[in-house]
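What the coordinates show
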Amino acid sequence: MNELFPTESASPYRVLARKYRPVTFSELVGQEALVRTLTNAIKTGRIAHAFVLTGVRGIGKTTTARIIARALNCVGLDGKGGPTIEPCGTCEHCTQIAQDRHVDVIEMDAASRTGVDDIRDLIEGVQYRPVRARYKVYIIDEVHMLSKNAFNALLKTLEEPPEHVKFVFATTEIRKVPITVLSRCQRFDLRRLDREQLATHLAGIAAKENAKIAPDAIALLARAADGSVRDGLSLLDRAIAEADPAAEISAEQVRQMLGLADRTQTLDLFEIVMKGAVAEALAQARELYRAGADPLTLVQDLLEVTHNVTRLKLVADQASADLSASEMQRAKPLAGKLSVPVLSRAWQMLLKGVNEVQFAPQPMNALEMLLVRLAYVADLPTPGEIVARLQSEGGAAGAAAPSGSAAPRAPAAGAAPVAAPAPAAVPRSPGNGAPRA
């Protein structure tokens, strides 16, 4: 009975994204510029009154805001410390902020509280001093969702806040935040993690969880996360849950979980399409679909192959970092055979095909029609080649004119001009000689 219905004392499972959320600046991955700036600001006492953190989803904006709140309010083990770049994590302020229950750290979700009345409530609370902490910190997540009137109501307080108040804004859409707000804040752009950094981070967390996972599988997870730490941890959590705890998680298991095709098979499909082999391309796509590949993901993989081959053709040194040795060996011949105009045309067609496959009632049918179009235009000349061919054919035709042709010639110098033919006589009506109407 207890196994089926655990007692309330049993701690619930926490997902990896929450379990391994950074609590200090040193634990933030890939944000060296932000950590360096805030470290110098706290050491010298040049702490801004408002910060705005921007970046892609799952990169650590809200986490960084909470770390800033802890750093400003930490009092140390003896209770006498000041703002520090390394919060102790054990004082009452650090503990309560980490548990999201500190009375002086107010978090507000602008996506659900967008109106001017919500900001007025916030402004009314700004004038009161902190209850227990050193600073009253307002964290507004997704700040770009505030209405225009709400932003205007916030401007004056944001420009001249009380000395005991700090604002920390987080947003994924920095362009939607009015410039009047941005000019009053210190802005930090949290960078997207590259695949190697994210793969190393995921491998370390997998080791802490005693999960066996192959390096190729970790690389697939880092690639699918697209620079987002939270997305990577969520995918790792899912991979651990789906696999046998005693066995190693393989790349094939992760590929099936994500609906991905093997990179080698994607290169095969790209090469077949660019040769114009329609039947073979359709058969290859159907085989990948039966193996579990998602049609939309397959189009995105073909886009990535096109991009990598183009970069390999133009800047080989920079492209080598994104390709494995086997992929490099396969992509080099393609880069040598395909011209930049052909690759650009394939890119444009695949880019348009993303929407077609995404919104089609039958995504696989849309993918097949896209492959048919790509295969049929693969060996067609580009517009530049057509113009050059027409120009060369026109020049050859003019040089090889027939000998008996009566081509008009320019009159010789000094020759008398040829008189124009006289106009035809107007017929006259019989009798009076007047012209006929």
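Up top is the structure.
What this report covers is the structure whose coordinates are included nearby.

Criteria and cut-off values
- Counting restarts for each chain: residues are numbered from 1 in the order of the written sequence.
- Residue-level local features of this predicted model are given only where pLDDT is at least 70; pairs of side-chain atoms are given and counted only at 80 or more, and the full residue set underlies all totals for whole chains, interfaces and linings.
- By convention in this description, side-chain values take in all heavy atoms of the structure and omit both hydrogens and water.
- When DSSP finds two or more bridges between two strands, those strands count as paired.
- Only DSSP runs of H or I reaching four residues or more are called helices, and only runs of E reaching two or more are called strands; each is numbered from the N terminus.
- Lines are fitted to the C-alpha atoms to define the axes, a helix being fitted only along its stretch in contact, and any angle between axes, read from their N-to-C directions, falls within 0 to 180 degrees.
- Here the nonpolar core consists of buried residues drawn from Ala, Val, Leu, Ile, Met, Phe, Trp, Tyr and Cys, with membership extended through side-chain atoms lying within 4.5 Å.
- Type-normalised accessible area, obtained with a 1.4 Å probe on protein chains alone, sets the label of each residue: buried when under 20%, exposed when over 50%, and partly exposed for intermediate values.
- By definition, residues are in contact when any of their heavy atoms lie within 4.5 Å.
- Orientation is classified from the angle alone, with under 35 degrees giving roughly parallel, over 145 giving roughly antiparallel, 65 to 115 giving roughly perpendicular, and any other angle giving oblique.
- Left-handed describes a crossing whose near helix is turned anticlockwise from the far helix by less than a right angle; the clockwise case is right-handed.
- The salt bridge criterion pairs a side-chain nitrogen of Lys or Arg with a carboxyl oxygen of Asp or Glu, the two atoms within 4 Å.
- Charge counting follows a simple rule: Lys and Arg are positive, Asp and Glu are negative, and His as well as the terminal groups are ignored.
- Distance and chemistry together define a polar contact, namely a pair of N or O atoms within 3.5 Å, with one atom able to donate a hydrogen and the other to accept it when in protein, and with adjacent residues in sequence counting only for side-chain atoms on both sides.
- In this analysis, the expected span of each helix is defined as 1.5 Å times one less than the number of residues it contains.
- When two cysteine sulfur atoms are found within 2.5 Å, that pair is recorded as a disulfide.
- Pairs were defined over the aromatic rings of Phe, Tyr and Trp, the Trp ring being its six-membered one, requiring ring centres within 6.5 Å. Orientation was assigned from the angle between planes: stacked under 30 degrees, edge-to-face over 60, tilted for the rest.
- When residues are grouped by polarity, Ala, Val, Leu, Ile, Met, Phe, Trp, Tyr, Cys and Pro land in nonpolar, Asp, Glu, Lys and Arg in charged, and all others, Gly among them, in polar.
- For the handedness criterion, the strands are oriented away from the viewer, and a crossover whose path from the first strand over the helix to the second runs clockwise is classed as right-handed.

1. A closer look at the sheet that holds strand β3 (residues 136-141)
- In spatial order, the strands read β2-β3-β4-β1-β5; together these five strands make up an open sheet with parallel pairing. Each edge of the open sheet carries a strand with a single partner, namely β2 (105-109) and β5 (186-189). Going from strand to strand, the sheet's axes swing by 15° on average, the running direction of each strand aside.
- Pairing geometry for strand β1 (residues 50-54) and strand β4 (residues 165-171), over five bridges, is parallel. What sits directly across from A50, in β4, is F167.

2. Brief notes about the nonpolar core
- Core analysis: the biggest nonpolar cluster contains 54 residues, and F25 and L34 have the highest contact counts within it.
- At the level of elements, α2 (32-44), β1, α3 (61-73), β3, α8 (195-208), α9 (215-225), α10 (229-242) and α11 (251-258) are the ones that each hand at least two residues to this core.
- Not counting residues up to four positions away in its chain, the partners in contact with F25 are L34, V35, L38, I67, I68, A71 and I85.
- Within the second largest apolar cluster, 38 residues are counted, among which are L334, V357, L371 and L374.

3. Section: the packing of α9 against α10
- In contact at an axis separation of 8 Å, α9 and α10 are set at 135° when each is read in the N-to-C sense. Taken as axis vectors, α9 and α10 run oblique relative to one another. In this structure, α9 crosses over α10, and the sense of that crossing is right-handed. Judged by residue contacts, L221, A224 and A225 of α9 engage D231, G232, L235 and L236 from α10.

4. Thoughts on the pattern of salt bridges
- Here the structure, examined in full by the defined rule, presents 21 salt bridges.
- One salt bridge connects K19 with E209, and the closest N-O pair in it is separated by 2.9 Å. With a gap of 190 residues between them, K19 in helix α1 (residues 16-19) and E209 in the loop between α8 and α9 connect regions that are remote in the sequence.
- According to the relative accessible area criterion, K19 is partly exposed, its value standing at 43%.
- Residue E209 is classed as partly exposed on the basis of its relative accessible area of 25%.
- Ionic pairing is found between R187 and D189, a salt bridge with its closest N-O pair at 3.0 Å.
- Here the salt bridges share partners, and the residues they tie into one network are R195, R223, D301 and E304.

5. Section: the environment of V357
- Inspection of the secondary structure assignment puts V357 in helix α17 (residues 340-359).
- Classification of V357 as buried rests on a relative accessible area of 1%.
- V357 sits 62 residues away from P295 along the chain, and the two C-alpha atoms are 7.1 Å apart.

6. Quick notes on the side chain of D237
- For D237, the position within the fold is in helix α10.
- Despite being buried, D237 has no salt bridge partner; K19 is the closest side chain of opposite charge, sitting 8.9 Å away.
- Here the side chain of D237 touches L16 through a polar contact of 3.1 Å, landing on its backbone nitrogen.
- In this structure, D237 is in contact with Y13, V15 and L16, ignoring residues within four places of it in sequence.

7. Observations concerning α3
- Taking 1.5 Å as the rise per residue, α3 with 13 residues should run 18 Å; its terminal C-alpha atoms sit 19 Å apart, in good agreement.
- By the burial criterion, the buried members of α3 are K61, T63, T64, A65, R66, I67, I68, A69, R70, A71, L72 and N73.
- The inward-facing, buried residues of α3 contact α2, β1, α4 (92-98), β2, β3 and β4.

8. Section: the state of the cysteines
- Counting across every chain of the model gives zero disulfides.
- The thiol of C91 is not disulfide-bonded; the next cysteine sulfur, from C94, is found 3.5 Å away.

9. Thoughts on helix α6 (residues 148-159)
- Here α6 is 12 residues long and its end C-alpha atoms lie 17 Å apart, about the 16 Å a rise of 1.5 Å per residue gives.
- Listed as buried for α6 are A150, F151, L154, L155, T157 and L158.
- The secondary structure elements touched by the buried residues of α6 are β1, α5 (116-126), β4 and α7 (179-182).

10. Here we look at the packing of aromatic side chains
- Counted according to the given criterion, the structure contains three aromatic pairs.
- With a centroid separation of 6.0 Å and an interplanar angle of 40°, the aromatic rings of F167 and F169 are classed as tilted.
- For F169, a relative accessible area of 1% translates into the label buried.
- Taken together, the ring pairs connect Y138, F167 and F169 into an aromatic cluster.

11. So, the packing of helix α12 (residues 263-275) against helix α13 (residues 278-290)
- Look at α12 against α13: their axes get within 9 Å of each other, and the N-to-C directions meet at 160°. When the axis of α12 is compared with that of α13, the two are roughly antiparallel. Every pair of crossing elements has a handedness; the one defined by α12 and α13 is left-handed. Contacts between α12 and α13 involve Q265, D268, L269, I272 and V273 on the former and, on the latter, E280, A281, Q284, A285 and L288.
- Looking at the contact of α12 with α13, its residues break down into six nonpolar, two polar and two charged.

12. A look at the pairing of β4
- Counted residue by residue, β4 has seven buried out of seven residues, so it is predominantly covered.
- Covered by surrounding structure in β4 are V165, F167, F169 and T171 together with K166, V168 and A170, the residues of both alternating faces.
- Bridge count between β3 and β4: six bridges; the pairing is parallel. The residue of β4 that forms the bridge with K136 is V165.
- Crossover handedness for the path β3 to α6 to β4: right-handed.

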